[in-house]
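Topology and contacts: notes
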Amino acid sequence: MSAKRDFQITVFGATGFTGKYVAEELHRIQKEKGHEQLRWAMAGRNLQKLKDAAKELGIEDAEYITADINIQKSLNQMCMRSDVIIDCAGPFQLYGEPVVKACIDQKCHYIDVSGETYFIEMMEQKYHDQAQDAGVFIVSACGFDSIPHDVGMTYTEENFPGKLEYVESYIEIFKGTGFNTGTWESFILSIANHSKLTRLRHSQTRAKLPKGRKPPNKGTVSYNNALKKWCVIFPGPDGAVVHRTQRYHYEATGKQPVNLKTYITLESRFQAFALSIGFIFIYLLSGFGWGRSILMQFCGLFSGGMAKKGGPSKEKLKDTTFAITLFGRGQGADNTDAKITTRVRGVDPGYIATSALLVESALCIIDNRDLMPKSGGVYTPAVAFAGTPMIENLKKSGKVIFEVLEPGSKD
């Protein structure tokens, strides 16, 4: 990508719920010192809807690209004009691959907001070598799924005085207001593809990772004394993304993997048991076409009122915050058992923090390409951005902050 392209960043799916927040964040960034000359565009299949979205967001000087997921030529033209695509057009298992292919064909970097594990790992298996040959980065899970966990694990390890062996993470959402139905659909499809994901992993010939020291088994529902919260094992995509990062380092350097177990916190035991039963029920229904139809038709009921068409209002999102506390254990410098506690915290995770994370990921590629892996490929966020000032930049924005609560110490 030696020739200057029309746009440094293009937001594909800019008329969608998440896409609008990303466009708004880019508009804000463009006003900051050092990014006044940032060239970016809003992309989607309907020009009038793009203009309407820009007007709604108060973006007077917006640039537009029309591109349709069903017309590969239009995707190629979009990528030909762009350095980095931020793909917000999910569900990605339905609409993501044509954009990935266009990016590789046109030597354009790609990041997305996907938390869909099957799609993410399928893209790695199908396109890693092609992306390397093209010299482009394909990086999924660049929102709340899964930068806080993936980069947070690396941050925890870097601050641990010794050899970190495992981490237990606890997700807290304060004044949670819900999410858009598109997010719910992606979640349902991701669960539905569990068997496909299993077959995909079994088809790979890579060596198994050493098991190492694992977090203690606390059962499906447990209580965390430090946080004073009830906890349920969280079946989200973060563990799979972190596992890919650990595999990358093991295969590249022989480094022992760090194990992770993730929990979501709740105020009462009743809520914890209800949520765990709900997960099981949703998992069973997701395995059938009719079940998925029911889950989508009555999304408000099955999500406990969290999934809403049109998503939560901006006013409600402003009051929402998150914290992910990571409790690490391992072998200290003097070979004794040691521990560390770190935290990733920020504003509303689903859309405000996610848009900041996506934009920062794109800016890292534009501004810090020399600090990233030498060759392109399909990577996790922690692998792609480990050497960049991502954490420092996010802290300056005030939207996502990484911090050490309890430095590494003897147990």
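Each value, and the rule that gives it
Residues numbered from 1 in each chain as written. Predicted model: local features only at pLDDT ≥ 70, side-chain atom pairs only at ≥ 80, totals over all residues. Heavy atoms only, no water. Pairing = 2+ DSSP bridges. Helix = DSSP H or I, 4+ residues; strand = E, 2+ residues; numbered from the N terminus. Axes fitted to C-alpha atoms, helices over the stretch in contact; angles between N-to-C directions. Contact = heavy atoms within 4.5 Å. Buried < 20%, exposed > 50% of the residue type's maximum accessible area, 1.4 Å probe, protein only. Core = buried A, V, L, I, M, F, W, Y, C linked by side-chain atoms within 4.5 Å.

We now examine the sheet that holds strand β5 (residues 109-112). If you walk across this open sheet you meet the 7 strands as β3-β2-β1-β4-β5-β6-β15, and the pairing is parallel. Bordering the open sheet on either side are β3 (64-66) and β15 (377-379), each of which pairs with just one other strand. The mean angle between the axes of side-by-side strands here comes to 20°, regardless of whether they run parallel or antiparallel. When strand β6 (residues 137-139) meets β15, the two strands line up parallel, connected through 3 bridges. Residue pairing across strands places F137 opposite G377, the latter belonging to β15. Across the face of the sheet, helix α2 (residues 47-57) comes into contact with β2 (40-44) and β3 while running at roughly 150° to β3. Packed onto the sheet, helix α5 (residues 97-105) meets β1 (7-12), β4 (82-87), β5 and β6 and runs at close to 155° relative to β5.

Another point: the side chain of S355. As for its position among the elements, S355 is in helix α15 (residues 349-367). A residue is classified by how much of its surface remains accessible, and S355, at 2% relative accessible area, is buried. Once residues within four sequence positions are removed from consideration, S355 is found in contact with Y21, V22 and E25.

The biggest cluster of nonpolar side chains holds 66 residues, and the ones touching the most others in it are W40, M42 and F385. Sort the elements by how many residues they give to this core and α15 lands first, with 8 residues. Setting aside its immediate chain neighbours within four residues, W40 contacts F7, I9, V11, A23, L26, H27, Q30, I59 and E63. M78, A102, C108 and A131 belong to the second-largest nonpolar core, a separate cluster that totals 35 residues.

In terms of strand pairing, strand β9 (residues 221-224) meets strand β10 (residues 229-233) through 4 bridges, oriented antiparallel. Bridged to S222 within β10 is C231. Linking β9 back to β10 in an antiparallel pair, the connection comprises 4 residues, with K228 at a positive phi of about 55°.

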